[in-house]
Amino acid sequence: MAKPTDRELVDQARSGDAQAFGVLVRRYQKRIFRLAFHLVRSGAEAEDVTQETFVRAYQALDRFDGRSEPFTWLYRIAVNLSLNMIRARKPSRNSTPTDDPRIEALLLETRPSHGVDPAATTQRRELAAALCDGIDTLSDTLRTTLILVCIDGVPHEDASRILGCPEGTVAWRVHEARRKLRVYLAERGFGGDAE
């Protein structure tokens with residue numbers, strides 16, 4: 001038996017099938033949490049955003065018009081909730097803590113297949129911390145776009161729907177965020193010349 005599509009699950013949930021909505025939650029819960037965590041930079045707040053995303057989506061099932069894919073709709077809710085949470089709190093951090101789970105995630109993605117070199121591991125950890133700090137310095141708009149496209153792998157077309165802007169704007173934001181990160185990293189001794 002084929003797995004139901006996201007749209008079929010939404011239709012079933014609208015008809016009162018709570019289990020169908022549960023499948024949708026399980027399908028996207030980790031991705032929504034990861035997105036929220038990268039945006040709000042707090043595990044507890046990311047959990048709150050994730051839970052509230054699905055609560056709001058469930059409450060708005062009747063208003064889902066089907067013009068976008070359900071995952072795009074869920075991402076848009078999560079992005080809006082994350083940005084609202086960021087705006088509501090006072091700035092409280094100047095640098096990334098050394099135990100930031102984002103650093104560990106970056107290290108897992110860049111771990112070499114050959115033996116462990118302690119010096120290289122230390123250098124990769126320093127680069128990952130600097131990269132997280134650099135991402136944190138970006139504006140909410142650039143950081144959100146960069147996280148959606150480069151970290152979560154959302155295609156430009158879907159990111160434009162999630163963010164409510166043209167694809168060209170998404171491409172420019174990604175380019176600008178990467179340029180600013182290159183400058184930030186170069187100023188801290190990582191990478192080549194800054195542009």
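Before reading on, note that the structure itself is shown above.
To start, this report covers the structure provided alongside it. Being a predicted model, the structure only gives us computed values, none of them experimental.

### Describing the overall build of the chain
Turning to step 1, where the next piece is worked out: Scanning the chain from terminus to terminus reveals 9 helices and 0 strands.
Turning to step 2, where the next piece is worked out: For the chain, the α and β elements follow one another from N to C terminus as α-α-α-α-α-α-α-α-α.
Turning to step 3, where the next piece is worked out: The buried share among the 195 residues of the chain stands at 42%.
Turning to step 4, where the next piece is worked out: A separation threshold of at least 6 residues defines the contact pool for the chain, and within that pool the share at least 24 residues apart is 62%.
Turning to step 5, where the next piece is worked out: Working note: accessible area of the chain is about 11300 Å², and carbon and sulfur atoms make up 51% of it.

### Some remarks on the environment of Ile-135
Turning to step 1, where the next piece is worked out: If you trace the backbone, Ile-135 turns up in helix α6 (residues 118-137).
Turning to step 2, where the next piece is worked out: Ile-135 sits in the buried class, given a relative accessible area of 8%.
Turning to step 3, where the next piece is worked out: Placed 49 residues apart in sequence, Ile-135 and Tyr-184 show a C-alpha to C-alpha distance of 9.3 Å.
Turning to step 4, where the next piece is worked out: Setting aside residues no more than four positions away along its own chain, Ile-135 makes contact with Arg-143, Leu-146, Ile-151 and Leu-181.

### So, the packing of helix α3 (residues 43-59) against helix α4 (residues 70-88)
Turning to step 1, where the next piece is worked out: Packing of α3 against α4 brings their axes to within 9 Å, and their N-to-C directions diverge by 135°. On the basis of the axis angle, α3 is oblique to α4. In this structure, α3 crosses over α4, and the sense of that crossing is right-handed. Here Glu-45, Asp-48, Val-49, Glu-52, Thr-53, Phe-54, Arg-56 and Ala-57 of α3 lie close against α4, whose contacting residues are Trp-73, Leu-74, Ile-77, Ala-78, Leu-81, Ser-82 and Met-85.

### Considering the packing of aromatic side chains
Turning to step 1, where the next piece is worked out: Counted under the stated rule, the structure contains 5 aromatic pairs.
Turning to step 2, where the next piece is worked out: On the basis of an interplanar angle of 65° and a centroid distance of 5.0 Å, the ring pair of Phe-21 and Tyr-58 is categorised as edge-to-face. In this pair, Phe-21 sits in helix α2 (residues 18-40) while Tyr-58 sits in helix α3, placing the two residues 37 residues apart along the sequence.
Turning to step 3, where the next piece is worked out: Overall, Tyr-58 belongs to the partly exposed group, its relative accessible area being 42%.
Turning to step 4, where the next piece is worked out: Geometrically, the ring pair formed by Phe-64 and Trp-73 is tilted, given 4.8 Å between the ring centres and 45° between the ring planes.

### Describing the packing of α4 against helix α8 (residues 156-163)
Turning to step 1, where the next piece is worked out: Orientation of α4 relative to α8, taken along the N-to-C sense of each, is 50°, at an axis distance of 8 Å. Classified by the angle their axes make, α4 and α8 are oblique. Viewed along their axes, α4 and α8 form a crossing whose handedness is right-handed. Of the residues in α8, those in contact with Phe-71, Thr-72, Tyr-75, Arg-76 and Val-79 of α4 are Asp-158, Arg-161, Ile-162 and Leu-163.
Turning to step 2, where the next piece is worked out: Taken together, the residues of the contact of α4 with α8 sort by class into 5 nonpolar, 1 polar and 3 charged.

### Describing unusual backbone geometry
Turning to step 1, where the next piece is worked out: Positive phi, normally seen in glycine, also occurs at Arg-41, with a value near 60°.
Turning to step 2, where the next piece is worked out: Relative to the helices and strands, Arg-41 resides in the loop between α2 and α3.

### Quick look at the environment of Arg-182
Turning to step 1, where the next piece is worked out: Take Arg-182: it is sitting in helix α9 (residues 167-187).
Turning to step 2, where the next piece is worked out: A residue is classified by how much of its surface remains accessible, and Arg-182, at 37% relative accessible area, is partly exposed.
Turning to step 3, where the next piece is worked out: Distance from Arg-182 to Gly-134, taken between C-alpha atoms, is 8.9 Å for residues 48 residues apart in sequence.

Cut-offs applied
Residues numbered from 1 in each chain as written. Predicted model: local features only at pLDDT ≥ 70, side-chain atom pairs only at ≥ 80, totals over all residues. Heavy atoms only, no water. Helix = DSSP H or I, 4+ residues; strand = E, 2+ residues; numbered from the N terminus. Buried < 20%, exposed > 50% of the residue type's maximum accessible area, 1.4 Å probe, protein only. Contact = heavy atoms within 4.5 Å. Areas by Shrake-Rupley, 256 points an atom, 1.4 Å probe, with all protein chains shown as cover. Axes fitted to C-alpha atoms, helices over the stretch in contact; angles between N-to-C directions. Parallel < 35°, antiparallel > 145°, perpendicular 65-115°, else oblique. Left-handed = near helix turned anticlockwise from the far one by under 90°. Phe/Tyr/Trp six-rings, centres within 6.5 Å; stacked < 30°, edge-to-face > 60°. Nonpolar A, V, L, I, M, F, W, Y, C, P; charged D, E, K, R; others polar.

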